[in-house]
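Structure at a glance
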Amino acid sequence: MKAKILEIFRSIQGEGTYAGVPQVFVRLFECNMHCVWCDTPASIGDGKREYKELSLQQVLAEVDRIYDQAHSVSITGGEPLLQVDFLKDFCRALKKEGKTTYLDTNATLPEALEAIIKDIDIIAMDIKLPSSTKQRSFWKEHEAFLKIARRKEVFIKVVISLDTVETEVLKAAKIVAVVDPKIVFILQPNYLDMKKGVIEQCVAHQKSCAKILKDVRILPQTHKFMKLR
């Protein structure tokens, strides 16, 4: 079996609770969403379909080559769970090598997560807000996904743009609160809106969400400021 791989590289994680740690990023090609603010449009698959088809052995060899005491392997996209059959073997192999697996996902494919959850250590789970993404809602999928993800270490990321509606932010917070109000809930300001007032919106949303959640944080994409991939 071969995977559609956009790129494999070593860098610093810029988002979420593990911001600052070195990781090897394995970016899988293709996505089932088309968020208007997507910062990796080449991974979606709508325009140029440029990717490499690599075998499991080839991917593992490249990860090993550049690992160099990395904290973990970030499995990202696109949406990596679209290639769940490859991930079953890939994550199992990484665990056999003693590496930590970090799944970065849009959290819309709960059945796929169920298939690999035993070999995942950390889940960076997005909750996609329709007013922000300009896509349909995935509330039911997110709720089902989180119930599976909570078996492992999981934190939530919610991108906040100037168009974000407060009722949707609160709905996301309520989904998390029902499962476990102690799960870290990160409001991530859209980088393109940083100088347009989005931080103030994040502060307001933080106050609202903190009424039902224990750990609500505002954290931008730090790798953007460091000019890293």
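Before reading on, note that the structure itself is shown above.
Residues numbered from 1 in each chain as written. Predicted model: local features only at pLDDT ≥ 70, side-chain atom pairs only at ≥ 80, totals over all residues. Heavy atoms only, no water.

Residue Gly-77 is joined to Gly-78 through a cis peptide bond whose omega torsion reads 10 degrees. Considering the arrangement of structural elements, one finds Gly-78 in the loop between β4 (72–76) and α2 (84–96). Even without being a glycine, Ala-107 presents a positive backbone phi close to 60 degrees. Structurally, the position occupied by Ala-107 is in the loop between β5 (101–105) and α3 (110–116). Phi is positive for Lys-134, close to 65 degrees, though the residue is something other than glycine. (Helix = DSSP H or I, 4+ residues; strand = E, 2+ residues; numbered from the N terminus.)

With that out of the way, let us pick up the layout of surface pockets. One number sums up the size of the largest pocket: a volume of about 730 Å³. Forming the boundary of the largest pocket are 39 residues, of which Glu-15, Arg-27, Asp-39, Thr-40 and Gln-221 lie nearest the centre. Listing elements by their share of the lining of the largest pocket, those giving two or more residues are β1 (2–12), β2 (22–28), β4, β5, β7 (153–160), β8 (185–189) and α8 (222–225). Among the residues forming the lining of the largest pocket, the class breakdown is 14 nonpolar, 15 polar and ten charged. (1 Å grid on protein atoms, 1.4 Å probe; cavity = no way out; pocket = protein on both sides within 12 Å on 5 of 7 lines; lining within 4 Å. Points joined across faces, edges and corners; volume = space filled by probe spheres on them. Nonpolar A, V, L, I, M, F, W, Y, C, P; charged D, E, K, R; others polar.)

We now examine the pairing of β8. β8 sits mainly inside the fold: five of its five residues count as buried. Of the two faces of β8, the one holding Phe-185, Leu-187 and Pro-189 and the one holding Ile-186 and Gln-188 are both buried throughout. Judged from the five bridges that link them, β7 and β8 form a sheet pairing that is parallel. In the strand pairing of β8, Val-159 is matched with Gln-188. Crossover β7 to β8 through helix α6 (residues 166–179) is right-handed. Bridging between β8 and strand β9 (residues 216–218) involves three bridges; their strand directions are parallel. In the sheet register, Phe-185 faces β9, and the bridge partner there is Val-216. Note that the unit made of β8, helix α7 (residues 198–209) and β9 has a crossover that is right-handed. (Buried < 20%, exposed > 50% of the residue type's maximum accessible area, 1.4 Å probe, protein only. Pairing = 2+ DSSP bridges. Right-handed = clockwise from strand over helix to strand, strands pointing away.)

With respect to topology, nine strands assemble into an open sheet ordered β3-β1-β2-β4-β5-β6-β7-β8-β9, the strand pairing being mixed. Edge positions in the sheet fall to β3 (52–55) and β9, since each has one partner strand and no second. For this sheet, the mean angle separating the axes of adjacent strands, direction not counted, is 30 degrees. Bridge count for β2 against β4 is five bridges, and the pairing is parallel. Within β4, the position partnered with Gln-23 by the bridge is Ser-72. The sheet strands contacting helix α5 (residues 139–149) are β5, β6 (122–126) and β7, and the helix crosses β6 at an angle near 165 degrees. Sheet contacts for α7: β7, β8 and β9; angle to β8, the most-contacted strand, approximately 165 degrees. (Axes fitted to C-alpha atoms, helices over the stretch in contact; angles between N-to-C directions. Contact = heavy atoms within 4.5 Å.)

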